[in-house]
Amino acid sequence: DSIWCPPERNVLRAFYNDAKGQEWTNSTGWVDEFNNHCEWYGIECNEVGKIVELSLNNGGLSGKISDAICNLKSIERVDFRDNNLKGSIPSGIGNLSELTSFIVSYNEITGIIPDGFANLSKLEIVHLHGNRLQGAVPFLSLKGQTKSSFIADCGSPSVFDSPLDCP
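I will try to describe carefully the structure that is included in this document. (Residues numbered from 1 in each chain as written. Predicted model: local features only at pLDDT ≥ 70, side-chain atom pairs only at ≥ 80, totals over all residues. Heavy atoms only, no water.)

Regarding the pairing of strand 2 (residues 51–55)
Residues in a regular strand point their side chains to alternate faces of the sheet.
For step 1, the next point in the chain: Of all five residues making up strand 2, five are buried, and the element is well covered by its neighbours.
For step 2, the next point in the chain: One ladder, built from three bridges, connects strand 1 (residues 43–45) with strand 2; its direction is antiparallel. Counted as the bridge partner of Ile-43 is Leu-54 from strand 2.
For step 3, the next point in the chain: Taking the residues that link successive antiparallel strands as the turn, the strand 1-strand 2 hairpin has five residues, and the phi of Gly-49 there is positive, at about 85 degrees. (Buried < 20%, exposed > 50% of the residue type's maximum accessible area, 1.4 Å probe, protein only. Helix = DSSP H or I, 4+ residues; strand = E, 2+ residues; numbered from the N terminus. Pairing = 2+ DSSP bridges.)

Notes on the pattern of salt bridges
For step 1, the next point in the chain: The final tally for this structure, using the stated rule, is five salt bridges.
For step 2, the next point in the chain: Put simply, Glu-53 and Arg-77 hold a salt bridge, and the shortest N to O gap is 2.9 Å. You can see Glu-53 sitting in strand 2 and its partner Arg-77 sitting in strand 3 (residues 77–79), a full 24 residues away along the chain.
For step 3, the next point in the chain: What makes Glu-53 buried here is its relative accessible area of 18%.
For step 4, the next point in the chain: Residue Arg-77 is classed as partly exposed on the basis of its relative accessible area, which comes to 25%.
For step 5, the next point in the chain: The salt bridge partner of Arg-81 is Asp-79, with a shortest N-O separation of 2.7 Å.
For step 6, the next point in the chain: For Arg-81, a relative accessible area of 31% translates into the label partly exposed.
For step 7, the next point in the chain: Connected through salt bridges with shared partners, the residues Glu-44, Glu-53, Glu-76 and Arg-77 form a single ionic network. (Salt bridge = Lys/Arg side-chain N within 4 Å of Asp/Glu carboxyl O.)

Observations regarding the packing of aromatic side chains
For step 1, the next point in the chain: Per the stated rule, a full pass over the model turns up eight aromatic pairs.
For step 2, the next point in the chain: Judged by centre distance (6.0 Å) and plane angle (15 degrees), the ring pair of Tyr-16 and Trp-30 falls under stacked. One end of the pair, Tyr-16, is in helix 1 (residues 7–18); the other, Trp-30, is in the loop between helix 1 and strand 1, with 14 residues separating them in the sequence.
For step 3, the next point in the chain: Exposure remark for Trp-30: the relative accessible area of 5% places this residue in the buried category.
For step 4, the next point in the chain: Both rings, one in Trp-24 and one in Trp-30, keep their centres 4.9 Å apart while their planes meet at 80 degrees; by these two values the pair is edge-to-face.
For step 5, the next point in the chain: Among the aromatic side chains, those forming a connected cluster through ring pairs are Phe-15, Tyr-16, Trp-24, Trp-30, Trp-40 and Phe-80. (Phe/Tyr/Trp six-rings, centres within 6.5 Å; stacked < 30°, edge-to-face > 60°.)

Side note on the side chain of Ser-55
For step 1, the next point in the chain: Counting through the fold element by element, Ser-55 comes out in strand 2.
For step 2, the next point in the chain: In this structure Ser-55 comes out as buried when scored by relative accessible area, which is 18%.
For step 3, the next point in the chain: There is a polar contact of 3.4 Å between the side chain of Ser-55 and the side chain of Asn-57.
For step 4, the next point in the chain: For Ser-55, the contacting residues outside a window of four places in its chain are Gly-42 and Asp-79. (Polar contact = N/O pair within 3.5 Å; in protein donor to acceptor, adjacent residues only side chain to side chain. Contact = heavy atoms within 4.5 Å.)

As for the state of the cysteines
For step 1, the next point in the chain: Applying the stated criterion to the full structure yields one disulfide.
For step 2, the next point in the chain: Between Cys-38 and Cys-45 runs a disulfide, and the two sulfur atoms are separated by 2.1 Å. An S-S torsion of about -95 degrees defines the bridge between Cys-38 and Cys-45 as left-handed.
For step 3, the next point in the chain: Using a relative accessible area of 22% as the deciding quantity, one classes Cys-38 as partly exposed.
For step 4, the next point in the chain: Look at Cys-45 and you get buried, because its relative accessible area is 18%. (Disulfide = S-S within 2.5 Å.)

The values reported here are purely geometric and, on their own, carry no functional implication.
Structural data, given as structure tokens:
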């Protein structure tokens, strides 16, 4: 029953397990079956209870970023900077059409930068530096936006006309 157990709760449980939640510096409320997931530390929800922000910077996260977060269709902001996350950025990241900010700087993330970033028309902020990522960062179309922020280890342009290649 999605009223008693919203699907987003299961996504968060998978994320918690994959990112070794039992080791976080603050996991207040996480995976507590009697708390609303919108009250868990680092979670912000909109007025209808959908997750719009997952902010767990400098929180002792390790393990990996769960592919399950690609099921958070309303998420706008992700901030996992200054942790010890390993593995890769989930390939389904391009399905998060509401995403405006994706910050994963200063972790131990490896692998190829997903092509899906090119699908994210609302994306304004991307911070990938302090990781070991390879590949091309697709051109991020601002679509009328007046501000942007992009930082990677292979350069720190604020505006660029072609994909940025991180060899």
